[in-house]
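# Coordinate analysis (summary)
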2 protein chains.
Amino acid sequence: MALTTWVHVPEGSAFGVHSLPYGVFSHGDEDPRIGVAIGSYVLDLAPLAASEWADFASVFTAPTLNPFLGLGRQAWHAVRQWITERLTDESYRALVEPELLPLDQVRLHMPFEVADYVDFYASEHHAANLGRLFRPDEPPLPPNWKHLPVGYHGRAGTVSVSGTPLVRPCGQRKAPDDAAPTFGPSARLDYEVEVGFVVGTPTRLGQRVSVDQVRDHVFGVVLVNDWSARDLQVWETRPLGPFLGKSFLTSISPWVVPLEALEAAMIDPPAQDPRPLPYLAGKDNFGLDVDLEVRLNGQVIARPRYSEMYWTPAQMLAHLTVNGAALRTGDLFASGTVSGPEPAAYGSLIELTSAGAEPLTLADGTTRAFLHDGDQVTISATAPGPDGTRIGLGEVTGTVCPCLPASPPT
Amino acid sequence: MALTTWVHVPEGSAFGVHSLPYGVFSHGDEDPRIGVAIGSYVLDLAPLAASEWADFASVFTAPTLNPFLGLGRQAWHAVRQWITERLTDESYRALVEPELLPLDQVRLHMPFEVADYVDFYASEHHAANLGRLFRPDEPPLPPNWKHLPVGYHGRAGTVSVSGTPLVRPCGQRKAPDDAAPTFGPSARLDYEVEVGFVVGTPTRLGQRVSVDQVRDHVFGVVLVNDWSARDLQVWETRPLGPFLGKSFLTSISPWVVPLEALEAAMIDPPAQDPRPLPYLAGKDNFGLDVDLEVRLNGQVIARPRYSEMYWTPAQMLAHLTVNGAALRTGDLFASGTVSGPEPAAYGSLIELTSAGAEPLTLADGTTRAFLHDGDQVTISATAPGPDGTRIGLGEVTGTVCPCLPASPPT
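Residues numbered from 1 in each chain as written. Chains lettered and ligands numbered in written order. Predicted model: local features only at pLDDT ≥ 70, side-chain atom pairs only at ≥ 80, totals over all residues. Heavy atoms only, no water.

### Re the overall build of chain A
Within chain A one finds ten helices and 26 strands. Here the C-alpha atoms of chain A give a radius of gyration of 21 Å, agreeing with the 22 Å that 2.2 N^0.38 yields for 410 residues. Overall, chain A is about 70 × 50 × 45 Å in size when its C-alpha atoms are taken along their principal axes. For chain A, with 410 residues in total, the buried portion stands at 61%. Counting only carbon and sulfur atoms, one obtains 53% of the accessible surface of chain A, whose full area is about 14,600 Å². In chain A, 28 side chains carry a positive charge and 47 a negative one; their mean positions are 6 Å apart. (Helix = DSSP H or I, 4+ residues; strand = E, 2+ residues; numbered from the N terminus. Rg over C-alpha atoms; globule rule 2.2 N^0.38 Å. Buried < 20%, exposed > 50% of the residue type's maximum accessible area, 1.4 Å probe, protein only. Areas by Shrake-Rupley, 256 points an atom, 1.4 Å probe, with all protein chains shown as cover. Lys, Arg positive; Asp, Glu negative; His and termini not counted. Charge placed at Lys NZ, Arg CZ, Asp CG, Glu CD.)

Here it is, written out as structure tokens:
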């Protein structure tokens, strides 16, 4: 049943009472700490816990969500219930209202410390689109693609909060007709629209997580922009995969939406043929009905749908751990680019422009094969909530800055 | 000039007074803390610092080297001088001797917390050997290989200290003639002999490290066994690179040998043709004269030489950061398998056995195409020290255990 809150939630706000995402904020000179977004406010959890639930006070004064994430599913559920009650029962208003800070008066920080970052490649349409562009002489999907969720490790240390400037990376690139590689700023800078999953409960080395255990380990969801330098990527990628073409920056939304807020968004994934091996099957094998939107300098240029992703987050996690690889609190795994079958649902410029061959014309008359300096890319998303409501997932944004000169020798 | 120490260093000990590697140890029920190995002892740095150099006491009571690594090159040098003086000047003996604990009475722990882990592919012989085995229809080296140090990110969370049992990983594998992939324990389990470089001084996002700045950022060296499940790896690897075939465990030696101890081992690398782009060139572009040894169940099966590696650690670091990717204290980058041109210098079983086609016959008459349960692999190394002395780099060891059953649903 849809709940109502005594907090004023403006029409169109991403964060109604069914969302309640967690983030890290600071106010003035105070230390960063944990908050929950509601309407145009952030609820300052530490003082509320100090007066009502002292066990949690230290968890909420931490500068990252990691200690809270490490508490596990029962604690996540209990805290969400506690917050929901205080925001829906008018009798708590006098207690809670002083702890609501206007969002426009706080600074948002990286919500959690990333342990390992894994990026999957779970959209059939994206994988096939890139296969056609990068490997035109082969079948669009690699032979393994429908048997396992293809993934690789990315750079955890450059996963950064929304708003972090994207410094255009320099590196080596070589077009097929060039005699030798050259060095310089990437000329084929791209975004990738992704959804990321944040691990709370760790595992021991050698322990597998089954598809049906995903809710015990995954706390919630962030939006991800997996910025990509296509010219660097295509030259470096054989045989060990993407490296510098991706490692310069990955941006995530500042608010982590709990999996529990997305119950109404859990749907059957598209049919999988061939049937996956048993370790990739289970009843909790959920797809997610999340609608994404990409804006370039404010103009909507695509609306990818997560509901069409071939591999589910539960399958990704089961695959990631089937070899006994341990999970740590703060592990982040992302879906890979979310793309649909038609251009209006493509999740990257390389797909929208056929690798730059057919530039996009924007409303201001300018064209884009790839991103220009000064371009701002913003990804936002919503999902079904209870009783016809919508759950906002917030947004992740970033603006391209020119390549930096090399630092002087020390 | 070669120094002498008042500590009794047994003949053949890895750790004489020119080595002085750092590690994390615990004694009985006491908390893990920082020590330096000398002969058959570990020097307990915290109490020594408490009595002599209080500024450092808290750094040495930490359970990881990270706080010390973060202090930077000047501090690393000053602390090494301080320790060297106390171990070579007999007048310090009464002060220092009580802080020497026999190595066989302490437990060694993971020496530092790994931030990001990057694995390179810097041996021309290894890359060509694997190219011939994996891609027989193509030239042995990929087109980019002599232009940049090929690398990729590995799983930081499963980098573990020497002695951690290697649980045989399960996963998907498909031989070329199989109709469909199957699931089960890896049947082609391998080791890879590598040298790893530990980053101390971090950088900001967007900052490049030049070849000549490597000593400002890299603290020291560990030995690495990059365990590999070849059947998982070969099926999963296209198009995004190795993932589960590597992520189950990476073992490192417990002692981090400072770069400063390896001055006499720094040599010119092999000639590089074509000449690398300017960002990969510099005067501090050192190769390392390190002799490695691999023992399988006690029997020496190969002696790879690091001196033949094509790309140097300085070039690897310059490449890793040229796109502006930030470094963090605790970043680990490894060389990739160290292999020479002849089988006696191959750094993996897949090379020694031609991908299993020509099994190795051991002294006990048994054969190995790949590793069996119960097999123990130990990698050790030495390098030139001052005046004809040898610097030990210690060893990294691990024993293969059978695949674990899936954990029950929670």
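### Re the relation of the copies chain A and chain B
The transformation that overlays chain A on chain B combines an axial shift of 0.0 Å with a rotation of 180 degrees, and the residual RMSD is 0.0 Å. Each copy turns onto its partner about a two-fold axis. Closest approach to the rotation axis among the C-alpha atoms of chain A is made by A:G241, whose C-alpha sits 2.1 Å away. An overlap of 100% is found between the interface residues of chain A and their copies at the interface of chain B, pointing to a shared contact surface. (Least-squares fit on C-alpha atoms with pLDDT ≥ 70 in both. Contact = heavy atoms within 4.5 Å.)

### Quick look at the interface of chain A and chain B
Contact residues are listed per partner, giving 68 residues for chain A and 68 residues for chain B. A combined buried area of about 6,000 Å² lies between chain A and chain B, and 58% of that area is made up of carbon and sulfur atoms. For chain A, the biggest contributors to the area lost against chain B are A:R155, A:L240 and A:F243; these three give 14% of the whole. The tally of links from chain A across to chain B stands at two salt bridges. (Buried area = accessible area lost by both parts, 1.4 Å probe. Salt bridge = Lys/Arg side-chain N within 4 Å of Asp/Glu carboxyl O.)

### Looking at the pattern of salt bridges
Applying the stated criterion across every chain yields a total of 48 salt bridges over all chains. Here B:D331 ties to A:R155 by a salt bridge, and the two come within 2.9 Å at their closest N and O atoms. Note that B:D331 is positioned in the loop between α10 (313–321) and β22 (332–334) and A:R155 in the loop between β7 (151–154) and β8 (159–161), a pairing that runs across two chains. The pair formed by B:D331 and A:R155 is uniform in burial state, with each residue classed as buried. Of the charged contacts, one joins B:E52 and B:R86 as a salt bridge, the two residues approaching to 2.2 Å between their closest N and O atoms. Of this pair, B:E52 sits in helix α1 (residues 45–52) while B:R86 sits in helix α4 (residues 73–88), placing them 34 residues apart in sequence. Exposure remark for B:E52: the relative accessible area of 32% places this residue in the partly exposed category. We classify B:R86 as buried; its relative accessible area is 8%. Linked by salt bridges that have partners in common, A:D190, A:E192, A:D226, A:R230 and A:K246 make up one network.

### Observations regarding the side chain of A:R168
All names here are of chain A. Positionally, R168 belongs in the loop between β9 (166–167) and β10 (170–173). Assessed through its relative accessible area of 9%, R168 is described here as buried. Residues contacting R168, with those up to four places away along its chain left out, are P185, S186, L189, L371, H372, D373, V400, C401, P402 and C403.

### Description of the pairing of strand β1 (residues 22–26) of chain A
Residue and element names in this part refer to chain A. The buried fraction of β1 amounts to five of the five residues, a majority that puts the element mostly inside the structure. Burial along β1 is two-sided: Y22, V24 and S26 facing one way and G23 and F25 facing the other are all buried. Note: β1 against strand β2 (residues 33–38), four bridges, orientation antiparallel. Paired with V24 across the two strands is I34, which belongs to β2. The antiparallel hairpin formed by β1 and β2 contains six residues in its connecting segment, where G28 sits at a positive phi of about 60 degrees. (Pairing = 2+ DSSP bridges.)

### Notes on helix α4 (residues 73–88) of chain A
For α4(A), with 16 residues, the first-to-last C-alpha span of 22 Å sits near the 22 Å given by 1.5 Å per residue. Of all the residues in α4(A), the buried ones are A:A75, A:W76, A:V79, A:R80, A:W82, A:I83, A:T84, A:R86 and A:L87. (Expected span 1.5 Å × (residues − 1).)

### Here's the deal with the sheet that holds strand β25 (residues 376–384) of chain B
All names here are of chain B. The mixed open sheet is built from five strands, whose spatial order is β9-β26-β25-β20-β21. Here the strands that pair on one side only, and so sit at the sheet edges, are β9 (166–167) and β21 (299–302). Bridge analysis of strand β20 (residues 291–296) against β21 gives three bridges, and the strand direction is antiparallel. Along β21, the bridge assignment pairs L296 with Q299.

### Some words on the sheet that holds strand β2 (residues 33–38) of chain B
Residue and element names in this part refer to chain B. Ordered in space as β4-β3-β2-β1-β5, the five strands form an open sheet in which the pairing is antiparallel. The strands lining the two open edges of the sheet, one partner per strand, are β4 (100–102) and β5 (107–109). Within this sheet the neighbouring strands show an average axis-to-axis angle of 50 degrees, counted without direction. Here strand β1 (residues 22–26) runs beside β5; their pairing, made up of three bridges, is antiparallel. From the neighbouring strand, F25 faces β5, where its bridge partner is L108. (Axes fitted to C-alpha atoms, helices over the stretch in contact; angles between N-to-C directions.)

### Comments concerning the packing of aromatic side chains
Two measures describe an aromatic ring pair: the distance that separates the ring centres and the angle between the ring planes. Throughout the structure, instances matching the rule amount to 32 aromatic pairs over all chains. Measuring from ring centre to ring centre gives 6.3 Å for A:F197 and A:Y306, while their planes differ by 65 degrees; the resulting arrangement is edge-to-face. Of this pair, A:F197 sits in strand β13 (residues 193–199) while A:Y306 sits in the loop between β21 (299–302) and α9 (313–321), placing them 109 residues apart in sequence. Considered together, A:F197 and A:Y306 belong to a single accessibility category, that of buried residues. Ring centres 4.9 Å apart and planes at 35 degrees place the aromatic pair B:Y22 and B:F68 in the tilted group. Placement of the pair is B:Y22 in strand β1 and B:F68 in helix α3 (residues 66–69), with a sequence separation of 46 residues. (Phe/Tyr/Trp six-rings, centres within 6.5 Å; stacked < 30°, edge-to-face > 60°.)

### Describing the packing of helix α1 (residues 45–52) of chain A against α4(A)
All names here are of chain A. Taken N-terminus to C-terminus, the directions of α1 and α4 make an angle of 95 degrees; their axes are 13 Å apart at the nearest point. On the basis of their axis angle, the class for α1 and α4 is roughly perpendicular. Judged by residue contacts, L45, L48, A49 and E52 of α1 engage W82, I83 and R86 from α4. (Parallel < 35°, antiparallel > 145°, perpendicular 65-115°, else oblique.)

### Quick word on the domain arrangement of chain A
Residues and elements named next belong to chain A. Domain annotation for chain A reports domain 1 (22–109) and domain 2 (117–401). On a C-alpha basis, the centroid separation for the pair domain 1 and domain 2 is 29 Å. Both faces combined, the contact of domain 1 with domain 2 buries some 1,500 Å², and carbon together with sulfur accounts for 67% of it. Among the salt bridges present, the one from R73 reaches D216, with a minimum N-O distance of 2.8 Å. On inspection of domain 1 and its partner domain 2, the count reaches three residue pairs in polar contact (both at pLDDT 80 or more). Among the elements of the structure, β1, β2, α3 (66–69), α4 and β5 (107–109) are those that each provide at least two residues to the side of domain 1 that touches domain 2. With four residues, the single largest contributor to the side of domain 1 that touches domain 2 is α4. Residues belonging to the side of domain 1 that touches domain 2 are distributed by class as follows: ten nonpolar, seven polar and two charged. (Domains from an automatic or database assignment. Polar contact = N/O pair within 3.5 Å; in protein donor to acceptor, adjacent residues only side chain to side chain. Nonpolar A, V, L, I, M, F, W, Y, C, P; charged D, E, K, R; others polar.)

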